[in-house]
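Read off the chains here:
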Amino acid sequence: MINTLIVGLGNIGFKFDKDDIAKKITHASSVYHHKKFKLIGGVDRKENILLQFKKIYKVPYFKNLKTSLKHVKPQLIIFTNQPSFVDLLYVSKFESVKFILIEKPYEKNENKIKKILVNLKKNKVTLSLNFQRNFSKNYNKLIKEIKKGIIGNKFKTFCFHNKSFNTNGSHFLNIINLYSKNLKKIKKNTDTVHLNYKNGDAYFFRINDDSYNNNCMTIYGNKGKIEISSRAENCKIYTKIKDKFYKNYFILKKIKSFNLHEAEPQKPVLDNIYNVISNNKKVLFKENEMLNYLSIINKINN
């Protein structure tokens, strides 16, 4: 079993399903229920959160990372917060650590990132971002359809997200980068971002909405469109057909509809991590991809 330490017991780390851990949404419940992983501890600054975590999972808890590593020997460390450059260098020195999973893009300084990656490689530690769609069978199915040309080969993509680009917009960026080629230009203003690729454009609009229900994206191609809505769970694919009544006009016809939702969203990620640690398989989210994402995000944020 892979001994796992979770650093940051916020929403995605612990709180989203603390009242019903059978839902397996958070990192804590997903690790706890996975047959090949063992939850050995949690780290958070808030005492009340730590006590709730201890009550449910019956494992050690700690207020800081350094203290935790004096008492437990994790093979996998999951950072649900944004670890510092110093944190990553520190944990990579521990012989037990084999894999570090980070929930969101973290370090703005690309030279520091490169230094971290060199150091991790020297210590045989794998680092990956938790962009779940890279690991999802449902999303891989969708991306294959796009690459086959089901809606054409030129795209205009419109994304609506709450919170910051770094927090929720980056998940849409993850999807877009799976089918887009060669980012050429970045334009931005207060609440919008425009990315120009060789095979199309992507537009991001930040919405003032605390819920996730209005997070959605539409991909327009020269042969049809794809709608992904309701917290990126429902997908509809349309193709262009000739209008029966108006000559030289086209309408859109729905040809496919499926659910992108993963019942256990963290499980495919954990399965891949297990294969990397135990079977020497390749990680599905590679280091060069991470540098690419961080470079784009930094240019948007600067």
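Because the structure is predicted, anything quoted here is derived from the model rather than measured.

Student: How would you explain the overall build of the protein chain if you had to name every residue and give the values?
Tutor: When helices and strands are tallied, the protein chain shows nine helices and 14 strands. Sorting the 302 residues of the protein chain into buried and exposed places 49% on the buried side. If you take every contact in the protein chain between residues at least 6 apart in sequence, the share linking residues at least 24 apart comes to 61%. Element-wise, carbon and sulfur atoms account for 49% of the exposed surface of the protein chain, whose accessible area totals about 16,000 Å². The protein chain carries 58 positive and 23 negative side-chain charges, and their two centres are separated by 6 Å.

Student: An account of the state of the cysteines is needed here, citing residue identities and associated values.
Tutor: Applying the stated criterion to the full structure yields zero disulfides. Left unpaired, C216 is separated from the closest cysteine sulfur, that of C159, by 8.5 Å. Taking the relative accessible area as the measure of exposure, C216 reaches 24% and is therefore partly exposed.

Student: Break down the nonpolar core for me, citing the residues and quoting the values.
Tutor: In terms of nonpolar packing, the biggest core is built from 59 residues, with I100, L142 and F204 touching the most fellow members. Among the elements that line this core, the one with the most residues is helix α9 (residues 287-301), at six residues. Ignoring any residue separated from it by four or fewer positions in sequence, one finds F204 in contact with C159, H161, F165, G169, F172, L173, I176, D191, T192, V193 and L195. Grouped together as the second largest cluster of nonpolar side chains are 25 residues, I6, V59, L76 and I273 included.

Student: Summarise the pairing of strand β5 (residues 99-102); cite the residues concerned and give the values.
Tutor: Along β5, one buried face is formed by F99 and L101 and the opposite face, lined by I100 and I102, is buried too. Judged from the four bridges that link them, strand β4 (residues 76-79) and β5 form a sheet pairing that is parallel. The partner of I78 across the bridge, within β5, is L101. Handedness of the crossover is the feature at issue here: the chain leaves β4, passes through helix α4 (residues 85-91), returns alongside β5, and the resulting connection is right-handed. Relative to strand β6 (residues 126-129), β5 runs parallel, the two sharing four bridges. Across the sheet, I102 pairs through a bridge with L129, a residue of β6.

Student: Give me the lowdown on the environment of I102, citing residues and values where you can.
Tutor: Relative to the helices and strands, I102 is located in strand β5. Sequence spacing of I102 and L294 is 192 residues, and the spatial spacing of their C-alpha atoms is 13 Å. Ignoring sequence-local partners within four residues, the contact set of I102 consists of F79, N81, P83, L88, L127, S128, L129 and N130.

Student: Any chance you could break down helix α2 (residues 47-57) for me, citing the residues and the numbers?
Tutor: When we look at burial in α2, the residues that qualify are I49, L50, F53 and Y57. On an axial view of α2, the arc spanned by its buried residues comes to 100°, and they lie on one face. For α2, the elements touching its buried residues are α1 (27-33), β2 (37-43) and β3 (61-62). Positive backbone phi, at 55°, marks K58, one or two positions downstream of α2.

Student: Run through the packing of aromatic side chains, naming residues and quoting values.
Tutor: Where two aromatic rings form a pair, the distance of their centres and the angle of their planes describe that pair. With the rule as written, the count across this model stands at twelve aromatic pairs. Measuring from ring centre to ring centre gives 5.1 Å for Y32 and Y57, while their planes differ by 65°; the resulting arrangement is edge-to-face. Of this pair, Y32 sits in helix α1 while Y57 sits in helix α2; the two residues are 25 residues apart in sequence, bridging distant segments of the chain. Residue Y32 is classed as partly exposed on the basis of its relative accessible area of 41%. For the pair F53 and Y57, a centre-to-centre distance of 5.4 Å together with 45° between the ring planes defines the contact as tilted. Of this pair, F53 and Y57 both sit in helix α2, separated by four residues, roughly a single helical turn.

Student: How would you sum up the sheet that holds strand β1 (residues 2-7)? Please name residues and give values.
Tutor: Across the sheet, six strands lie side by side as β3-β2-β1-β4-β5-β6; this open sheet has parallel pairing. In this open sheet, the two strands that pair with only one neighbour each are β3 and β6. Summarising the sheet, β2 and β3 pair through two bridges and their orientation is parallel. Bridging from a neighbouring strand, V43 pairs with F62 of β3.

Student: Could you give an account of the sheet that holds strand β13 (residues 234-242), with specific residues and numbers?
Tutor: Taken together, eight strands build an open sheet; the order of strands is β8-β9-β10-β7-β11-β12-β13-β14 and the sheet is mixed. The open sheet has two edge strands, β8 (183-188) and β14 (250-259), and neither has a second partner. Along the sheet, successive strands turn relative to each other by an average axial angle of 15°, direction set aside. Bridge count for strand β7 (residues 155-161) against strand β11 (residues 216-221) is six bridges, and the pairing is antiparallel. Residue pairing for β11: F158 is matched across the bridge by T218.

The rules behind each value
- Residues numbered from 1 in each chain as written.
- Predicted model: local features only at pLDDT ≥ 70, side-chain atom pairs only at ≥ 80, totals over all residues.
- Heavy atoms only, no water.
- Helix = DSSP H or I, 4+ residues; strand = E, 2+ residues; numbered from the N terminus.
- Buried < 20%, exposed > 50% of the residue type's maximum accessible area, 1.4 Å probe, protein only.
- Contact = heavy atoms within 4.5 Å.
- Areas by Shrake-Rupley, 256 points an atom, 1.4 Å probe, with all protein chains shown as cover.
- Lys, Arg positive; Asp, Glu negative; His and termini not counted.
- Charge placed at Lys NZ, Arg CZ, Asp CG, Glu CD.
- Disulfide = S-S within 2.5 Å.
- Core = buried A, V, L, I, M, F, W, Y, C linked by side-chain atoms within 4.5 Å.
- Pairing = 2+ DSSP bridges.
- Right-handed = clockwise from strand over helix to strand, strands pointing away.
- Arc of directions from axis to C-beta.
- Phe/Tyr/Trp six-rings, centres within 6.5 Å; stacked < 30°, edge-to-face > 60°.
- Axes fitted to C-alpha atoms, helices over the stretch in contact; angles between N-to-C directions.

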